[in-house]
Structures are given as structure tokens and as C-alpha cells.
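For reference, the chains in residue letters:
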Amino acid sequence: MDKHVAVIGAGCSGLACIKCCLDEGLEPVCFESSDDIGGLWRFKEKPEPGRANIYHSVIVNSSKEMMAYSDFPPPADFPNNMHHSQVLQYLRLYAAHFDLLKHIHLQTSVQSVRPRPDFAQTGQWEVVTENRDGQEERHIFDAVMVCTGHFTRPHLPLQDFKGIETFQGRYFHSWEYRNANGLQDKNVIVIGIGNSGGDIAVDASRVAKQVYLSTRRGAWVVGRVGDGGLPCDMVSGARLAVLMHKLMPIWATRAVEKQLNKHFDHQLYRLQPSHGYENEGRQGLIHALLSNLLTLMSCFPLFVITSYQFKQIKFVGEAQFTIVQFFAQIPVVNDDLPGRIISGRVVIKPNVKEFSGSSVIFEDETKVAKVDVVVFATGYNYDFPFLPEDLRVQEGYRLSLYKHVFPPGLDRPSLAVVGFIHGLGAIIPLAEMQARWATQVFKGLSKLPSEKVMLTHIQGNTKEMHQRFACSERNPLQVDYIPYMDDIAHEVGAQPRFLSLLLRDPGLGLRVLFGPCTPYQYRLCGPGQWEGAHQAIYTQWERVFRPFGTRPLQNH
């Protein structure tokens, strides 16, 4: 008898889970609380409490080839970096192509997920739902996949801002922002320099009198447009770059930072992040050389050293040095911010110290006398209130999940969290890979280690993550995109076999090794192998070039 799987949420992660369940012969039932699919990518004119929201101008940060489902290339005529409406269109095409909609129950919210009394023997869950009429229904499922994301509960830390109760203007969280209407000729302060903060500052600056972008730590800013006008992630997202970063982490980091500063000097623009190099000169050079040497040594079994992931090293009789890595925090993706700064339409400021009536004072004691609007782009809290308390245990800032998917303490591995992940790459491939692994575990085709081994892995992974990345309550976890994809693909049995590819099809092997790491690579072999993956990789650049062909050129 087929196992029945509850999928909670019909966004991009939920759709992947439905598809992966069907691939493994499982019977998915998806519960979506809203009246449509798409999750984050479904624009809503009015914010709906408890659901993710986006603003009119949102453009996806990842290019279409890098963010695609691994067995469903995007249409060639779609732009490389899609508007949110086109992302939703792509999700609709995916759902229609694989006939997923019939498995989705709209306007049905999940109230609770609890293990059945015989869970130790069956691994079954009781799921309580509520429909649009307020009627509750109880269901029994053999497994559960949680795909509700983490952009639904705005974090508005008013208690951290002295005098906010005296502020005479209007303030709100970026979750409520739709467009710049109402900001004409206003003085606007945006607090927070994540992707939303950067986007909103740029958007508002086109009509506002003045926009101030307040940041505590700064950020690296990258554009969507790379060398030759091609998508940045397509020209920089190769496995070779990952290898170089692994072998020479300090050199690779400095190379990236140098390239970014060639476009515009982050220090000059007052965007230089606090997670960069704090020391230069001879001692900094020694530190960098030592780091690269030890990392290279760790690649050879002759040496006892197995890893050299660190932020700090002390030299005898000298100061302590901090390594600032570009990769320590996800950069801000924004093509327009430098232009708005150089034109004076956006002014970069430090953190807000206090509010006083209509005035705002910053930590450098500078003051803006009349502020009309403050937008708090201060991130989100995450929670899964329908899950049992013991499944919401944290390790550091993150949920205690084995490889960010499985709770370690269950008698039966029949619950998976999918898409609750953060990396320098698109969410769709990450969530889809997690879903492929989870459904194999549900089917009994892949086995998890013991609880003790999983807990040890979670603790070690958390410690390393906190050492390497700027983790916080707002940014609870981060992974290296390609290494994480490869790790989960190894669990699935779908990691590309490079030597075999080079011997069997040198052209394909070279494209996989030295070209962009597009998701189709994970459909070349193993379970879930897709016969179209070969062609998708060979034609990926054709789909990149197609949208540019809007005007014929003579003699070309």
C-alpha cells in the first residue's frame, strides 16, 4: 500500500516535495493556507498575516538556469533574472507539467502535527487541518514534509531603539512595503541592509526627498550582471571556483573582494562590512599565507591536520587578527544601489542610536532633523507552531536538524523540514535536493545514522557554521551552496561522477567541471536520473542568450 505524505505549503519547496513524492511512488496531500500556489512569489496587494509578502519591484537574485528545478529548464524566452510575476509563472508551468495541482488543498491550514500513539511502530502522524469555513479535520499520514519557509513573521525590534515611542512620523516593517506610493518628497530612513533593505532604499529614492540607509555592519554588494553582461552567477558559479576557495580560501576571498571593489570601492561608499579583513601589512600577509598553506596541507593524508576553518589566529607577542571573509555573510544583490549612492539619492549611515520626536540620531552623533518614514528591514523570526515542542529544539540559532532536514530524536524518520536553508545560491535546487533525499528516506531506500551520530554531526556542523559565517537570530544558518548540494546528492546517490563523465563524454564532463553548476547536473546519474539532463546542460547557454535577441544587428 502506498504511503501517504502530508506536504505543508505549496510554495516552490512544497511543489518540489509533491513531485518527489510522486517520483518515489508515494501519495502526497498538500495543504496550502492561501487560495493559490506560489508562496513567497505570489504577490498580494494587501499583506496577509502569517504569510510571506513581496513588493512590486522584486526581481529574483538568481538567474533562471541556476534557480531551475533540475528536470524542468525554464522557457528560453524568459529573462535571465525574472520579475516575481515570471517566477510565479514558472512555478505554474512546473505544477501543470507534472500534474501537481490535483494534490493540493487550497485554503486549508495545518493546526497541529502530532505523533500517533503507535508512532514507534508505524511512524505515523495525526495532522489537524482547518478549511476556509473554519471546520477542523483530522488526518493520518505516514510521513510529513514541512515547507512553510521563514519569511512569515516580521521581526520589529522596537525595544532596541531608544525614543521610538516619541517618533512623530510613520514606521513599519519591510514586510508591509509594496511600492513607493506615499513616499514622494519624504525623508525616509531604511534600517537594515539585507536584500530587502537595499531594494526598498533604491525604490524609494526615485520619488523621496532623501533616503538614508542605516546599517550596523555593512555588506558586500554584488550585481546580477557579470562579465560580458552575462548573469553573474552563471559566470562565477563553477565548481572550479569552489575548488579554489577550498584550496586557497584567503586568496580566493581576497580575489572576490578585489573584483567587487574594482566596480566600486566599498570603503569609499561606506559599505565595507565588519566581517572583512581588519589588519593588513606584513602580519596580515603572514596570516593569509599560513592559512592557505595549512589548508593545502589538509588535502593530503600525510598530514594529521584535517581542516583549518577559523576566523582568528594569535601570533606570539603580536596583536590578534581577524579574518574577514566575503563568504561569511550572504551579500546584498543590487544593481542600482551604487548609482543611487553616487547620485546622492541614498546616503549610507551607521546604526540608529535614538529617536527624538521627528529627529533621528545615529551612532556617529549625526542627526537628521525631520524624518517622515522609517522602514525596518530587520528580518524575520522563524517558528513552526504546529509542530510538537520537542521538534522545535534549537542548536545555536538554528533548528536541531540533521543536515538541516531531519529531527534526530524520532523513533522513525518520517518528518522532514524542506527549504529552511540559506546559502549563496537559489532556494529551489536546495529544497528540491532535500525533498529527493527525504522521500528516499520515507521509502526506506536511504538510511539515517543513529541519533547519537546525528546529534554529534549537528553540534559539529553548528560550531563550524558559527566560526565561518555571521550567524544570528535573524540569520540562523548558512551553507556553502555547491558543497551542500553535493553532500545531499551523495545521500541520494545522484552526485555527478566526474571521471566517468570525462571518459564517456568529455564535452559534458568539461561543462560540468568548468561551467556553471546548474541543477541539471544532479539528474545525470543515480536515482531520479533524467534523460533530458544531458541536453539541458548542452543548451543552457542558448537559453541564457535567447532573451537578448530582441533587435537584429547587421553583419552579425
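Here, every reference points to the structure presented above.
Residues numbered from 1 in each chain as written. Predicted model: local features only at pLDDT ≥ 70, side-chain atom pairs only at ≥ 80, totals over all residues. Heavy atoms only, no water.

Engineer: Talk me through the overall build of the protein; I want residue IDs and the actual numbers.
Structural biologist: When helices and strands are counted, the protein shows 16 helices and 24 strands. Residue burial in the protein is summarised as follows: out of 556 residues, 53% are buried. Sequence separation of at least 24 residues holds for 68% of the intrachain contacts in the protein that already meet a minimum separation of 6. Surface exposure of the protein reaches about 25,600 Å², of which carbon and sulfur atoms provide 53%. (Helix = DSSP H or I, 4+ residues; strand = E, 2+ residues; numbered from the N terminus. Buried < 20%, exposed > 50% of the residue type's maximum accessible area, 1.4 Å probe, protein only. Contact = heavy atoms within 4.5 Å. Areas by Shrake-Rupley, 256 points an atom, 1.4 Å probe, with all protein chains shown as cover.)

Engineer: Can you break down the packing of aromatic side chains residue by residue, with the values?
Structural biologist: Under the defined criterion, the tally for this structure stands at 21 aromatic pairs. Measuring from centroid to centroid gives 6.0 Å for Tyr171 and Phe376, while their planes differ by 85 degrees, and the two rings are edge-to-face. Of this pair, Tyr171 sits in strand 9 (residues 170-173) while Phe376 sits in strand 20 (residues 373-376), and the two are 205 residues apart along the sequence. In this structure Tyr171 comes out as partly exposed when scored by relative accessible area, which is 33%. Accessibility expressed as a relative area gives 0% for Phe376, which makes it buried. (Phe/Tyr/Trp six-rings, centres within 6.5 Å; stacked < 30°, edge-to-face > 60°.)

Engineer: So what about the sheet that holds strand 16 (residues 346-349)? Which residues, and what values?
Structural biologist: As summarised here, the arrangement of the 5 strands in space is 9-20-10-11-16, forming an open sheet in which the pairing is parallel. Both edges of this open sheet fall to strand 9 and strand 16, since each of them pairs with a single strand only. Each strand of the sheet is rotated relative to its neighbour by a mean of 20 degrees, with strand direction disregarded. Contacting strand 10 (187-191), strand 11 (210-214), strand 16 and strand 20, helix 4 (residues 195-205) runs over the sheet at an angle of about 170 degrees to strand 11. (Pairing = 2+ DSSP bridges. Axes fitted to C-alpha atoms, helices over the stretch in contact; angles between N-to-C directions.)

Engineer: Outline the pairing of strand 20, listing residues and values.
Structural biologist: In strand 20, alternate side chains face the same way, and those of Val373 and Val375 on one face and Val374 and Phe376 on the other are all buried. Pairing analysis gives 4 bridges linking strand 9 to strand 20, with the strands arranged parallel. By the bridge assignment for strand 20, Phe172 is matched with Val375. Sheet topology places strand 10 next to strand 20; 4 bridges connect them, and they run parallel. Residue pairing across strands places Ile189 opposite Val374, the latter belonging to strand 20.

Engineer: Requested: an account of the sheet that holds strand 4 (residues 109-115), with residues and values cited.
Structural biologist: Here we have 3 strands laid out as an open sheet, ordered 4-5-6, and antiparallel in their pairing. A strand with exactly one partner marks an edge of an open sheet, and here the two such strands are strand 4 and strand 6 (136-141). Mean inter-strand twist for the sheet, computed between neighbouring axes without regard to direction, equals 20 degrees. In terms of strand pairing, strand 4 meets strand 5 (residues 125-130) through 6 bridges, oriented antiparallel. Along strand 5, the bridge assignment pairs Pro115 with Trp125.

Engineer: Explain the nonpolar core to me, and be specific about the residues and the numbers.
Structural biologist: Counting 126 residues, the largest nonpolar core has Leu15, Tyr69, Val113 and Met145 as its most contacted members. When residues of this core are assigned to their parent elements, the largest contribution, 9 residues, is made by helix 10 (residues 427-443). Not counting chain neighbours up to four residues away, the residues in contact with Val113 comprise Ile8, Trp125, Glu126, Val127, Val144, Phe386, Leu387, Pro388 and Leu415. Counting 14 residues, the second-largest nonpolar core is a separate cluster that includes Phe167, Phe362, Val371 and Phe376. (Core = buried A, V, L, I, M, F, W, Y, C linked by side-chain atoms within 4.5 Å.)

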